[in-house]
Amino acid sequence: MEDPKEIVLDIETYGDINDKENLTVTVVSIYEYDEDRYRSFDENELGDLWPVLEQADLLIGYNSKHFDVPVLNNFYAGDLSQIPHLDLLERIKESSGNRYKLDDIAQATLEGVEKSADGMKAMEWYEEDEIEKIKDYCEQDVKVTKEVYEFGHDNKMLYKENLKGDLEPISVDFEFEYEDQQEVQEEGNMNMTLPI
């Protein structure tokens, strides 16, 4: 298989996060490894995002299997959960037994890397029609996710801070097996997520 097309993604939403079916997707930001670029799409640009995701061999996110993808599926004609997916939080929970915030893992693991705001601030920006601010924030989240993924992938561990303020390692396995994707590659590198 040629180098897989891996995409790191994150979304920002407006509404009650406990009501996934009625959330508005305000921005989706991605990092494309094969292009080495960040891109963001607002709610009116989602039609431009779908073909990019459909070409992906792997989606990478943080709590993305349980939040980002189900929410995006409310706006997509197919099923994005059919695209191979590496959820970093899922892997962290598998090895540690606990769920940790992305920002906590990033601050403990990566020097000088942290989220630039939070989801509540992004909702305020949406109300103020400050879409570019949301895009900047969401892209920063993607950058943090990407750096956590790369550190964990390369070092087989991440760090968290304990109650005393000391750093403790968490062993992680961010490897992904692509064998099942060989057929997809041979058929033109498109995930068949749309109903036929």
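Details of the structure are given in the entry above.
Remember, predicted model here, so these are calculated numbers, not experimental data.

Calculation notes
Residues numbered from 1 in each chain as written. Predicted model: local features only at pLDDT ≥ 70, side-chain atom pairs only at ≥ 80, totals over all residues. Heavy atoms only, no water. Helix = DSSP H or I, 4+ residues; strand = E, 2+ residues; numbered from the N terminus. Buried < 20%, exposed > 50% of the residue type's maximum accessible area, 1.4 Å probe, protein only. Pairing = 2+ DSSP bridges.

### Thoughts on unusual backbone geometry
Part 1 of the argument: The backbone of D36 sits at a positive phi, close to 50°, despite the residue not being glycine.
Part 2 of the argument: Relative to the helices and strands, D36 resides in the loop between β2 (24-32) and β3 (37-42).
Part 3 of the argument: D36 gets classed as exposed once you look at its relative accessible area, which sits at 58%.
Part 4 of the argument: Positive phi, normally seen in glycine, also occurs at K156, with a value near 60°.
Part 5 of the argument: One can find K156 in the loop between α6 (131-155) and β6 (157-161).
Part 6 of the argument: In this structure K156 comes out as partly exposed when scored by relative accessible area, which is 38%.

### Remarks on the pairing of β2
Part 1 of the argument: Among the nine residues in β2, eight count as buried, and that is most of the element.
Part 2 of the argument: The pairing of strand β1 (residues 6-14) with β2 spans eight bridges and is classified as antiparallel. Of the residues in β2, the one forming a bridge with I7 is E32.
Part 3 of the argument: Hairpin connection of β2 to β3: four residues between the antiparallel strands, including D36 at a positive phi of 50°.

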